[in-house]
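Notes for the structure review
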Amino acid sequence: MKLKLYKDDVPSSVLLIRVIVGAVFFSEGIQKFLFQDTLGIGRFIKIGIPAPEFFAPFVGVVEIIFGFLLLIGLFTRIAAIPLIINISVAIISTKIPILINDGFWKMAHEARTDFSMLFGLIFILLNGAGKISLDYKFFK
């Protein structure tokens, strides 16, 4: 299967998934800088991420840049890849410990947004940006 930047047979309604996923990542990236103690470096320290002074801003920038690309629908399928890695690391580092320590239902509750974002990103990776996007304008 060849991964093309744009697919012709994707309905315009993919815009809804793309915008919500892009908006969540874009917003979360900005918040890592606005609220460093609770969502940025402080959170990375709390959950045990190594080199939090590097990784918190790095993750914030990744979320801002690639979330914005999803929002505008530019290089959409490519932008989904680093965000899939990002959310996978978040699930592994924050939700698996909850599963181990507190059980399935606590983890399921805490992970609902993470899994929604992961599946939204996989959908975007497989389907592309749709017709209401810069990908459609430039690569059709």
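The sections below set out a description of the structure shown in this document. A quick note: this is a predicted structure, and the numbers were derived from the prediction, not measured. Residue positions within a chain follow its written sequence, with the count starting from 1. Per-residue local features of the predicted model are confined to residues with pLDDT of at least 70, and side-chain atom pairs are confined, for both listing and counting, to 80 or more; whole-chain, interface and lining totals are unaffected and use all residues. Only heavy atoms go into the side-chain values, all of them from the structure, while hydrogens and water stay out.

Attention shifts here to the pattern of salt bridges. Salt bridges are defined by distance alone: a side-chain nitrogen of Lys or Arg within 4 Å of a carboxyl oxygen of Asp or Glu. Tallied over the entire structure, the rule returns three salt bridges. With a closest N to O distance of 3.0 Å, Asp 114 and Lys 95 form a salt bridge. Here the residue Asp 114 occupies a position in helix H6 (residues 112–127), and Lys 95 occupies one in helix H4 (residues 76–102), the gap between them amounting to 19 residues. Each member of the pair, Asp 114 together with Lys 95, is buried. One salt bridge connects Lys 106 with Glu 110, and the closest N-O pair in it is separated by 3.6 Å. With Lys 106 and Glu 110 both in helix H5 (residues 104–110) and four residues apart, this pair spans about one turn of that helix. Burial classes: relative accessible area under 20% of the type maximum marks a residue as buried, over 50% as exposed, and values in between as partly exposed (1.4 Å probe, protein chains only). The class for Glu 110 is partly exposed, based on a relative accessible area of 33%. To qualify as a helix, a DSSP run of H or I must reach at least 4 residues; to qualify as a strand, a run of E must reach at least 2; elements of each kind are numbered from the N terminus.

What follows covers the packing of helix H1 (residues 14–34) against H6. One can describe the packing of H1 onto H6 by two numbers: an axis separation of 10 Å at closest approach and a directional angle of 130°. When the axes of H1 and H6 are compared, the pair comes out oblique. Here H1 runs over H6; the crossing is left-handed. Every residue of H6 that contacts H1 at Val 14, Ile 17, Arg 18, Val 21, Val 24 and Phe 25 is listed here: Met 117, Gly 120, Leu 121, Phe 123 and Ile 124. Of the residues assigned to the contact of H1 with H6, the class counts are nine nonpolar, one polar and one charged. For helices, the fitted line uses only the C-alpha atoms of the stretch in contact; every axis is such a line through C-alpha atoms, and the angle between N-to-C directions lies from 0 to 180 degrees. Each angle is binned into one of four classes, with values under 35 degrees roughly parallel, values over 145 roughly antiparallel, values of 65 to 115 roughly perpendicular, and all other values oblique. Each crossing gets its handedness from the near helix: less than a right angle anticlockwise from the far helix is left-handed, clockwise is right-handed. Any two residues whose heavy atoms approach within 4.5 Å at even a single point are treated as in contact. Put simply, Ala, Val, Leu, Ile, Met, Phe, Trp, Tyr, Cys and Pro go in the nonpolar bin, Asp, Glu, Lys and Arg in the charged bin, and everything else, Gly too, in the polar bin.

Our focus in this paragraph is the packing of aromatic side chains. Stacked, tilted and edge-to-face are the three classes assigned to paired rings of Phe, Tyr and Trp, where Trp is represented by its six-membered ring and a pair needs centres within 6.5 Å; plane angles under 30 degrees give stacked, over 60 edge-to-face, the rest tilted. Counted according to the given criterion, the structure contains seven aromatic pairs. An aromatic cluster of three or more residues is present, and its members are Phe 54, Phe 55 and Phe 58.

Below, the discussion takes up unusual backbone geometry. The phi angle at Ala 51 is positive, at roughly 50°, despite the residue not being glycine. Along the chain, Ala 51 falls in the loop between helix H2 (41–46) and helix H3 (52–72). Relative accessible area serves as the criterion here: at 41%, Ala 51 is assigned to the partly exposed category.

Only buried residues count toward a nonpolar core. Its members are Ala, Val, Leu, Ile, Met, Phe, Trp, Tyr and Cys residues joined through side-chain atoms within 4.5 Å. Counting residues in hydrophobic clusters, the biggest one holds 16 residues, and the most contacted among them are Val 21, Phe 25, Leu 70, Leu 83, Ile 87 and Leu 121. Those elements that provide at least two residues to this core are H1, H3, H4 and H6. Top contributing element to this core by residue count: H4, with six residues. Not counting the four nearest positions on each side in its chain, Ile 87 is found in contact with Phe 25, Asp 114, Met 117, Leu 118 and Leu 121.

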